[in-house]
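Architecture at a glance
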Amino acid sequence: MTRVPIVDQLSPGDKYDLAMVPVRREQIVDVLPTLSAARDIRSVLFMHNHAGGSDQLIAAVGRERVWLGFAGASGSRQGNVVKYSLIPQQPTTLGEIEGPPTPRIREIAAMLKQSGFNVALSQNMDAWLKTHAVFVTAVCGALYCAGADNYELARSSETMVLFVNGVREGLRSLQTLGLPPPPMNLRAIFDWMPRGIAIAYWHRFFGSERGKYYLAEHARVAWAEMKILSDEVRGLLEIGASEAPSFDLLCGAIDAYHRMSTSTLNLGFAH
């Protein structure tokens, strides 16, 4: 086993084959200058939610060094301890910004598989991230309607219907942009299954421990990220209440939760 030294900062002259960047959307602007200066890092694998394209990443580190991915895991941080769980329904997904996987991304995938992660390769990772952004925006909007409590969400039939309708509307709007079809699991639940079965599935999911650890605990602390992401999705789709009424209401719930959380944070600083 190779032991990798732990460092608390990245210097411009540091040399690494790979830098993995698993940060939240609102944090990426703070790490880009450091990554831009570290020209001796061969590959930079960005693993964060975003729906506005990759131009910002390319401008910072160069297209030849940018790879995209998303971790098939979720969890929470308690003090200095991170507890996480792998998500069987969502493998860690990697890819080029566009186009088929290159030998380099396959090499990274093999490394992750050897570490015990289930890995999938995407033919168009930028499009995959846009699709995931629509889904997670709807998820968090629904959770915020229920105070970020997955069990409370499961008890609200009205919000469960709103959630399923919102995802359907968002995915249909994506298709009008000419993006590839959503991943098979999303199509199966939201396109192929009757709506009632989809609602029943998510009712059980959000009413379980999986709903808490996979989604709710992250949503509870990721309100700043979700606000940016929902704004990016609305800008991407250019839809409003008339075209996608349910999705629009879910985005509005994110706006409201963001305002409440920002206000609470400011009150904490005031004290």
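Okay, so let's go over this structure.

Parameters at a glance
Residues numbered from 1 in each chain as written. Predicted model: local features only at pLDDT ≥ 70, side-chain atom pairs only at ≥ 80, totals over all residues. Heavy atoms only, no water. Helix = DSSP H or I, 4+ residues; strand = E, 2+ residues; numbered from the N terminus. Rg over C-alpha atoms; globule rule 2.2 N^0.38 Å. Buried < 20%, exposed > 50% of the residue type's maximum accessible area, 1.4 Å probe, protein only. Contact = heavy atoms within 4.5 Å. Patch = residues over 30% accessible without salt bridge, like charges linked within 9 Å, V, L, I, M, F, W, Y side chains within 5 Å. Areas by Shrake-Rupley, 256 points an atom, 1.4 Å probe, with all protein chains shown as cover. Salt bridge = Lys/Arg side-chain N within 4 Å of Asp/Glu carboxyl O. Polar contact = N/O pair within 3.5 Å; in protein donor to acceptor, adjacent residues only side chain to side chain. Core = buried A, V, L, I, M, F, W, Y, C linked by side-chain atoms within 4.5 Å. Arc of directions from axis to C-beta. 1 Å grid on protein atoms, 1.4 Å probe; cavity = no way out; pocket = protein on both sides within 12 Å on 5 of 7 lines; lining within 4 Å. Points joined across faces, edges and corners; volume = space filled by probe spheres on them. Nonpolar A, V, L, I, M, F, W, Y, C, P; charged D, E, K, R; others polar.

**A word on the overall build of the protein**
When helices and strands are tallied, the protein shows 11 helices and 7 strands. For the protein, the C-alpha radius of gyration of 19 Å lies close to 18 Å, the compact-globule estimate for 271 residues. Its C-alpha atoms give the protein principal-axis dimensions of about 55 × 50 × 35 Å. The buried share of the protein, taken over its 271 residues, is 46%. Long-range pairs, those at least 24 residues apart, make up 70% of the contacts in the protein with a sequence separation of at least 6.

**A look at the environment of proline 12**
The residue proline 12 is located in the segment before strand 1 (16-21) in this model. Classification of proline 12 by relative accessible area gives exposed; the value is 51%. Setting aside residues up to four positions removed in sequence, proline 12 forms contacts with Ala37, Ala38 and Arg39.

**With respect to a nonpolar patch on the surface**
A cluster of nonpolar residues, Val82, Tyr84 and Leu86, forms a patch on the protein surface that exposes about 320 Å² of accessible area. Leucine 86 sits in the partly exposed class, given a relative accessible area of 37%.

**Considerations on the side chain of serine 76**
Its location among the elements puts serine 76 in strand 4 (residues 73-78). Judged by relative accessible area, serine 76 falls into the buried class, the value being 17%. A polar contact of 2.8 Å, which involves the side chain of serine 76, links it to the side chain of glutamate 217. When sequence neighbours within four positions are dropped, the list of residues in contact with serine 76 reads Val81, Val82, Lys83 and Glu217.

**Overview of the environment of valine 139**
Position of valine 139 relative to the elements: it lies in helix 4 (residues 125-145). Here valine 139 falls in the buried class, since its relative accessible area comes to 1%. In sequence terms valine 139 and valine 164 are 25 residues apart; their C-alpha atoms lie 9.2 Å from each other. Ignoring sequence-local partners within four residues, the contact set of valine 139 consists of Phe163, Phe206 and Leu215.

**So, the nonpolar core**
One recurring pattern in soluble globular proteins: nonpolar side chains tend to sit buried together. Judged by nonpolar contacts, the single largest core of 46 residues is most densely connected at Tyr144, Phe163, Phe190, Trp202 and Phe206. Counting residues per element, the ones that place at least two in this core are helix 4, helix 5 (150-154), helix 6 (157-175), helix 7 (184-192), helix 8 (195-206), helix 9 (209-221), helix 10 (223-237) and helix 11 (245-270). Per-element accounting of this core gives the leading share, 10 residues, to helix 4. With 20 residues, the next largest nonpolar core counts Leu32, Ala38, Phe46 and Val66 among its residues.

**A short note on helix 1 (residues 28-37)**
Those residues of helix 1 that sit buried are Ile28, Leu32 and Leu35. Considered in projection along helix 1, the buried side chains sweep an arc of 75 degrees and stay on one side of the axis. Exposed and facing more than 90 degrees away from the buried side of helix 1 are Asp30 and Pro33. Against strand 1, strand 2 (41-46) and helix 2 (55-61) lie the buried residues of helix 1.

**Structural notes on the layout of surface pockets**
Gaps between atoms show up when a probe of the same size as a water molecule is rolled over them. Of the voids in this model, the second largest pocket is the one considered here, and its volume is about 220 Å³. For the second largest pocket, the full set of lining residues is Val4, Pro5, Val7, Asp8, Gln9, Leu10, Tyr16, Leu18, Ala19 and Ile41. Sorting elements by how many residues they give to the lining of the second largest pocket places strand 1 first, with 3 residues. Split by residue class, the lining of the second largest pocket holds 8 nonpolar, 1 polar and 1 charged.

**A closer look at the environment of alanine 138**
Mapped onto the secondary structure, alanine 138 falls in helix 4. The exposure class of alanine 138 is buried, given its relative accessible area of 0%. In the structure, alanine 138 is positioned 10 residues away from tryptophan 128 in sequence and 16 Å away in space, judged by C-alpha atoms. With residues near it in sequence (within four places) discarded, alanine 138 still touches Phe163, Val167, Phe247 and Leu250.

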